[in-house]
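Tertiary structure, described
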There are 4 protein chains.
Amino acid sequence: MAASDPYPAQQFASDNYAGICPEAWASMLEANQGHAPAYGNDLWTQRASDALRSLFETDCEVFFAFNGTAANSLALAALCQSYHSVICSSLSHVETDECGAPEFFSNGSKLLVASAPDGKLTPQAIRALACSRSDIHFPKPRVVTITQPTETGLVYSLEQTRAIAAVCRELGLKLHMDGSRFAHACATLGCAPADLTWRAGVDVLCFGGTKNGMAVGEAVVFFDRALAEDFDYRCKQAGQLASKMRFLSAPWVGLLASGAWLRHARHANACAARLAAQVRGLAGVELMFPVQANGVFLRAPVEVLQGLTAKGWGFYTFIGGGARFMFAWDADPVWVDALARDIRELASGVA
Amino acid sequence: MAASDPYPAQQFASDNYAGICPEAWASMLEANQGHAPAYGNDLWTQRASDALRSLFETDCEVFFAFNGTAANSLALAALCQSYHSVICSSLSHVETDECGAPEFFSNGSKLLVASAPDGKLTPQAIRALACSRSDIHFPKPRVVTITQPTETGLVYSLEQTRAIAAVCRELGLKLHMDGSRFAHACATLGCAPADLTWRAGVDVLCFGGTKNGMAVGEAVVFFDRALAEDFDYRCKQAGQLASKMRFLSAPWVGLLASGAWLRHARHANACAARLAAQVRGLAGVELMFPVQANGVFLRAPVEVLQGLTAKGWGFYTFIGGGARFMFAWDADPVWVDALARDIRELASGVA
Amino acid sequence: MAASDPYPAQQFASDNYAGICPEAWASMLEANQGHAPAYGNDLWTQRASDALRSLFETDCEVFFAFNGTAANSLALAALCQSYHSVICSSLSHVETDECGAPEFFSNGSKLLVASAPDGKLTPQAIRALACSRSDIHFPKPRVVTITQPTETGLVYSLEQTRAIAAVCRELGLKLHMDGSRFAHACATLGCAPADLTWRAGVDVLCFGGTKNGMAVGEAVVFFDRALAEDFDYRCKQAGQLASKMRFLSAPWVGLLASGAWLRHARHANACAARLAAQVRGLAGVELMFPVQANGVFLRAPVEVLQGLTAKGWGFYTFIGGGARFMFAWDADPVWVDALARDIRELASGVA
Amino acid sequence: MAASDPYPAQQFASDNYAGICPEAWASMLEANQGHAPAYGNDLWTQRASDALRSLFETDCEVFFAFNGTAANSLALAALCQSYHSVICSSLSHVETDECGAPEFFSNGSKLLVASAPDGKLTPQAIRALACSRSDIHFPKPRVVTITQPTETGLVYSLEQTRAIAAVCRELGLKLHMDGSRFAHACATLGCAPADLTWRAGVDVLCFGGTKNGMAVGEAVVFFDRALAEDFDYRCKQAGQLASKMRFLSAPWVGLLASGAWLRHARHANACAARLAAQVRGLAGVELMFPVQANGVFLRAPVEVLQGLTAKGWGFYTFIGGGARFMFAWDADPVWVDALARDIRELASGVA
C-alpha cells in the first residue's frame, strides 16, 4: 500500500456502502437492450417473479419496491387499517430507523414495542402485547413483524419462527418478515427459503435486494395471495411503481439464476465470523451478540473505539456504546483482517 | 430486415420504454467502484446536486426521489396541509395517472381541476378556481401545478409561465412545475433552465431523469429554499430515500456534464417533428395539438388506428380516440419513418 | 309585530339554524338523570340502537357520530382503501362542502365526480365513471354515494334507488347513502325506511339527526354487517366516540318513539311546498328544481334577490345565482308566508 | 334506602359517568331559543370565545371540538408534520387511550414515550428524548405534551410547568397541554389560568368541558395565535365543526360566568380528598399517588378489590392492579363515604 492510499480502503460501517455486484450488473446490462414495456409489463419482471416463485417453491404473489422502508411499510399497510397495531421488537428497524414510515403509509397504525435486548421477538412477548388490551381505546393488534436476521445479527431458527407463527395463528395475527438480509439468514441456516417462510407460517416477506448486491430494490412476496389484493394499486399510489421496472427486476434474475444471492450472503457471513474469530477473547472486548449473520457488534473500551475512529474506521454506535460492523458481498478479507489487527492492537494497548 | 425479425423493433407508445442512455450508464459504472457512504452522504450525490445548482445558476436545494409519482406528490405535500387544494389542469398527470398519490402523500389535499382541452392551465382558469370559494367548507387553494411540457406535448412559453407565476403571487399561491420532460421544454424554447423556472417565478421543479435516459430517479429542486425545510425527513418517511443513493445521483452528473440531457431531448423532439411532418395533411389524419416537444397526438379514422395495431404498433389511446406517440432519447429515425409510412399507407387506403 | 322587532324573526337560509326540537330535548332531559356508563355502554344508546333496528326492520349495526362530515367520511373510509375511489354527483356535499374530509379520513380516496346539473346520480353516469378506467394508474372505483334527498331538494324514487343499486351490484360497487335529511325523503315517498334503504340495495346509510331536530349527532347504519367490522375502533381513533354518549343517543329514542322524526320532516317539506306554491308562476321567478323535500331553489332577477337581502332575508346563493331556502322542523308558516309575500312584491316590482 | 334500591346509586369509575351540570344545562336551554347561524357564526360562540379570552386574560384563539380525542389530536396535528414526533409520558392518554388518534390526525407523527411511573414528564426526560437522535431516520421532535392534571391525578406545579416550558424553548419544541381536567388543576393550585398556561410557556391548551359538566365539547385555546393558522379548516376537514355550534359553546358561557367551572372542580377534588382521608393508613391499602386532583388510585389486596366489585362498585384497574376512582361535579359525599366505609370494612376483614 502506497503512502498516499487511503486507509482503510474498505469500510464496514454498513452493508449499504457496497456497490452493485457483478451478477446484478450483468443483468442490468442485458436488460438495457432495446425497448421494453413500462410499469412491470416486461419480460424481465415476469422472469424475476417466476424465479422468486421457483425459489420459494410456491405460487406466491411478487411485487418490486424501491427500498426497504417502502417495502416493509406498504406490506404492513396492506395488512392493517389505521386503527390496527403492529407488534415488533424494540430494536426493529421499523421502530428505530424508518422515521415513522409504517405509521405514515398506514395512516396511523401504532407499533407495539416489545423490549428485546437482543432484538428478538418471542412468543411470550407477542402474547403479552397482543393480550394486554382488548378495548377500543387502544389499537387492535393485527400483525407481528420479525426481522430475519435481526438488527443485532441474530437468526431466528426454524423452530423459533414456527413458534412465533403458531402464536400468531392462535391470536389471529398475521406474520410479516422483514428480510432486508434474508439471504444471510438462509446462508446461516442452510435451509430452503420456503422452510424459513411460508412453510413456517410467514404470510408476507420483504426480501432485500439492495443489501444482497443490487443498486436498488426489494421484493415483496405474499405467500398468502389473498393479502396481496390490489397491492399493485397500493404500490402505484405510494410512489413505488417504477416505470422502467426491468431495472429493478432484472438483477433478481441474475442473482437467483447464478446462485449469487446465497453465495454473496455466505461470503458476508464468513467475513463477520472471520472478524469475530480474531477479536474473541481480547481483553476488554466483548461480542454483544453471537455472530450468526453478517454483522459483528463489539463492546470495547472507549479508547479502543476512539482509536479505531482515529485510524479511519467507520462504524455505527449501537445501544450502550457498542460498535457495529457489517459485511457486504464485496467485503475483502484483507481489510477484515486489517480491522481485526487494529482492534487487537488497540485492545492490547488498553489492557 | 430478416423475415423473422419483429416488426417494428422499436415502439413509440411511451418514452418509458427506452432504456438507460450511454451517459447515464457510464456514470453508474464509474460510481460502482468501491464503497461509498449511504443515504446521499456520498461524493456523487454532492456532485449531482452541485451540477443542478450550476445548471440552474442558483443555490437551490436538491433532493433525489425514485420516480415522478413520488417526486411530484412529495413536493406538493411539502407545500400543502391536508385541508389545502392544488390547482391543476384536467389533463395533468397528477389528476389522471397517479392513482390518488397527491391525495395520499398530503393526507387529503384536493385537486381543483380546470378543464383544459389542450392540457394547459391559464391565469384566467387559475384565478377562477382560486377565487371560486373562500369558506372553510372547501379546501383552501395553496399551490398551482403546471406540467412543462404538458401531457399533450405543448410547451408553456416564458411569457405564459411568467403570467401564471404572476397570478400565483397575486393570490398567494405557490407554483410547482412537473417537469418529467423538463429537458424537452428547454430544448424547444432554447432558453436557460433558470429562465424557465425560478426567474419566471417557479418555486419548486420536479426534474425528470427517467424520461431523460436514466434507469430511475427524479430531482426535486426547491428554488425557494424555505419550502425545502425538513424535506429530507419527508423523503425518508415516505420511502424515497435510497440507501445506495449514488446510483440515483451519479447519472445526473453524466447527463449534465456531457450535455446529454439537452442533446437527448432535442433528438426526441426532432423525432416527434419528423413524424408530424410526414403525416401532416394526410386525409382524415389530424394533429390534435401542435407538436412542440417529444409527443405526437393523432386523430385518425378508426381503420387507420386498427391498422397500426395490426401492424404491431403500440400507442396509448388519448381522449376522444386519438393515438399518442412519444419519442425517447434512443428513438431511431428509421423506425420513425417506418411508422410514418404505415400511417400514410393506411390513411390512403381509407381515403 | 312591534316596530322594534327584527324582521324576519325566522330565517330559511339553512335548516341548521333551527334549534333542538321538543322531543329531542325531552329525551336529553330524561337522560340527564344520575350516572351512566361512558362510551356508549349505557341503556340509552342500547335503546336508540334498538329503535333504529326496529325502524329499519332488520338487525343492522348502528353507530353514533358527532356530525355528517364525520359520519359520511368514516362510512366511506370503512368501505375504501386509500387507492379506491368514490363515485358521487358534482353537487354532492362530500364533493362541494366537506373541505376534503372524505379524502382525509380515507387517506386519499379520490372522488369521481359525475356532472349532475340537478344533483342526481344515474345508473348511466355511474357506469360511465366506473368503467372509464381499469388500470392501476387510476383509483379503483369502490363505492357509489347518493344523497337522499339530494342537495337540490330532489328525492330518488324507489325505482331510481333500486336501479342504482343494481348497477352497483353488477359492477362490484358498494352503495352508500348520505341521508342527512333522510327523514324528509321518507316523508315525501311515504314508504318504509327499509324499502328506501336495504331492501332497495343500500349497504350503509348515514341518517341525519341534526337536521331532524337534534343538537348534534348522526347515526351510521350498516345494513351489511360485515362492512361494520371494527367500525367502533374507527370511530374512536377518528375522534368520533362521545364519552357521554347518552346525550347523542337519547334524542333518537325520543324522535323515533314519538314519530317526531317523520312529523317534523313532513312539516318541513310542507313549508317548502307552501313557499313554492306562492311563488310559482311569478314573472321572472323560476323554481330551479321540482320541490320534493324541504328545500326551495329559486332563480330570480338580481333585483329580487337583492331586495330580499335588503329586507333581511338570508339565503345561500346556489349555482348560477339561484337562492336556496331550507325549512326546518320549526319553520313557522307565518314567516314562510312573509317570505313569499316579499318575493311576490319584489317580483312584481321588477316585472 | 329501600331494599330494592341499587347499591351504590353513584359510581366513581369515571368522571365521564356524570351528566350535564345545571349551569351548562341552563345555557343550552337559553341557547335553544329561536334560530341562530350555523358553524359558529352565532352569538353564543362569540360570547364563549370572549369568555375564555377573558378567563385567560389574553387575546387567544379559541375553537370548539367535540371531544378530547379530537381536540388533542388536532392540536398536535396543527403543530406537527407527519415526520415529526411528540414527546409524552408513558401514562399519557394520547399514548394509552386514544387508539392511535394522534398518529391518525397527523398522518404518522410518532409519540416518543418517556417512562414515567407517576405519569409526570420532567425536563430531564424531555431533554433525553429530544436529544437522543438527530438523524433523518428518526422522527424529528417537535412538541411536548403534558396532561394537567396527569392521568394519575397529580398536578404540575407552576415551577414544574415553567421548567418544562424552559427546556421546550431551549430545544425548539412547542408545549401542548392536555387539560381534559384543567379546571381541577386550577382548583388545586389556586392560581390564575393564565399563570398555569401562557404565562408559564404553554403554547396550546385543550380545555376539557365534558369532565367539567358539559354534555360534549372541549375548547382548543391557542395562546400563540400563529399556531392557529387555518385551524378552522383543519377542524372542518376532520369532522369537528358542529353545525349547531351554539350547543357546544353556550355551556362554556354558563360555566364560566357562574364560576361553576371552578366550583365543580373544587367539589370533585374535595371528594377525592374525602375518600383519601378515610382510607389512608388502612392495613394493606396504599395511595398509589398523592391525591392532588379529583382521582384516587388505591393499591389494595385482591380480596379488597374483589369485595368492592362484589358490593357493586365499579372502577378501572390501573397499572399493577390498582383501582382508580374519579369524582365528578356531582359526586355525592354520602356515596363517597359509603365507598370509604366499604373499603375500610373489606380491608379490616383482610388484615
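Structure: see above.
Notes on the structure in this doc start here. (Residues numbered from 1 in each chain as written. Chains lettered and ligands numbered in written order. Predicted model: local features only at pLDDT ≥ 70, side-chain atom pairs only at ≥ 80, totals over all residues. Heavy atoms only, no water.)

At the junction of the two partners, chain A supplies 47 residues and chain B supplies 47 residues. Buried surface at the junction of chain A and chain B, both sides included, amounts to about 4100 Å², of which 57% is carbon and sulfur. The partner of A:K236 in a salt bridge is B:E98, and the shortest N-O contact between them spans 3.1 Å. Going through the elements one at a time, α1 (22-31), α3 (68-79), α5 (101-106), α10 (231-237) and α11 (246-257) of chain A are the ones with two or more residues in the side of chain A that touches chain B. Class assignment of the residues belonging to the side of chain A that touches chain B gives a composition of 23 nonpolar, 17 polar and seven charged. (Contact = heavy atoms within 4.5 Å. Buried area = accessible area lost by both parts, 1.4 Å probe. Salt bridge = Lys/Arg side-chain N within 4 Å of Asp/Glu carboxyl O. Helix = DSSP H or I, 4+ residues; strand = E, 2+ residues; numbered from the N terminus. Nonpolar A, V, L, I, M, F, W, Y, C, P; charged D, E, K, R; others polar.)

Attention shifts here to empty space enclosed by the protein. Applying the stated rule across the entire model yields 13 cavities of 30 Å³ or more. Quantified by volume, the largest cavity comes out at close to 220 Å³. A:S106, C:Q81, C:S82, C:S106 and C:N107 are, among the 20 residues lining the largest cavity, the residues nearest its centre. When contributions to the lining of the largest cavity are tallied by element, the ones reaching two or more residues are α3, α5 and α10 of chain A together with α5 (101-106) of chain C. Among the residues making up the lining of the largest cavity, the classes are represented as nine nonpolar, nine polar and two charged. For the second largest cavity, the calculated volume is near 170 Å³. B:Q81, B:S82, B:S106, D:Q81 and D:S106 are the residues nearest the centre of the second largest cavity, which is lined by 17 residues in total. (1 Å grid on protein atoms, 1.4 Å probe; cavity = no way out; pocket = protein on both sides within 12 Å on 5 of 7 lines; lining within 4 Å. Points joined across faces, edges and corners; volume = space filled by probe spheres on them.)

Below, the discussion takes up the relation of the copies chain B and chain D. Aligned on chain D, chain B shows an RMSD of 0.0 Å; the corresponding rotation is 180° and the shift along the axis is 0.0 Å. Overall, the copies show the geometry of a two-fold rotation axis. Among all residues of chain B, the one whose C-alpha sits closest to the rotation axis is B:N107, at a distance of 3.2 Å. The residues that chain B uses at the interface reappear at the interface of chain D in 100% of cases, marking a shared surface. (Least-squares fit on C-alpha atoms with pLDDT ≥ 70 in both.)

A few words now on the relation of the copies chain A and chain B. Each copy of the sequence occupies a distinct position, and chain A is placed on chain B by a rotation of 180° and an axial shift of 0.0 Å, giving an RMSD of 0.0 Å. Comparing interface residues between copies, 100% of those in chain A also sit at the interface in chain B, which points to an isologous, same-surface contact.

The subject of this paragraph is the environment of B:E23. Residues and elements named next belong to chain B. Position of E23 relative to the elements: it lies in helix α1 (residues 22-31). Relative accessible area serves as the criterion here: at 18%, E23 is assigned to the buried category. For E23, the residues in contact, after removing those within four places along its chain, are G254, S258, A260, R263 and H264. (Buried < 20%, exposed > 50% of the residue type's maximum accessible area, 1.4 Å probe, protein only.)

Residues and elements named next belong to chain C. Taking strand neighbours across the sheet as the criterion, the seven strands line up as β1-β7-β6-β5-β4-β2-β3 in an open arrangement whose pairing is mixed. Each edge of the open sheet is held by one strand with a lone partner, namely β1 (61-65) and β3 (110-114). Sheet twist, expressed as the mean angle between neighbouring strand axes with direction ignored, is 25°. As judged from the four bridges shared by strand β5 (residues 174-179) and strand β6 (residues 204-208), these two strands associate in the parallel manner. Across the sheet, D178 pairs through a bridge with C206, a residue of β6. This element, helix α2 (residues 43-56), spans β1, β6 and β7 (218-222) of the sheet and lies at about 125° to β1. Where helix α11 (residues 246-257) meets the sheet, it contacts β1, β6 and β7, and its direction lies at approximately 120° from that of β1. (Pairing = 2+ DSSP bridges. Axes fitted to C-alpha atoms, helices over the stretch in contact; angles between N-to-C directions.)

If you look at the interface, chain B gives 23 residues, while chain D gives 24 residues. Summing both partners gives a buried area of about 2200 Å² for chain B against chain D, and 48% of it is carried by carbon and sulfur. At the boundary of chain B and chain D, one finds two salt bridges. For B:K140, the salt bridge identified is with D:D230, shortest N-O distance 2.6 Å.

Any functional reading would require information that these geometric values do not contain.
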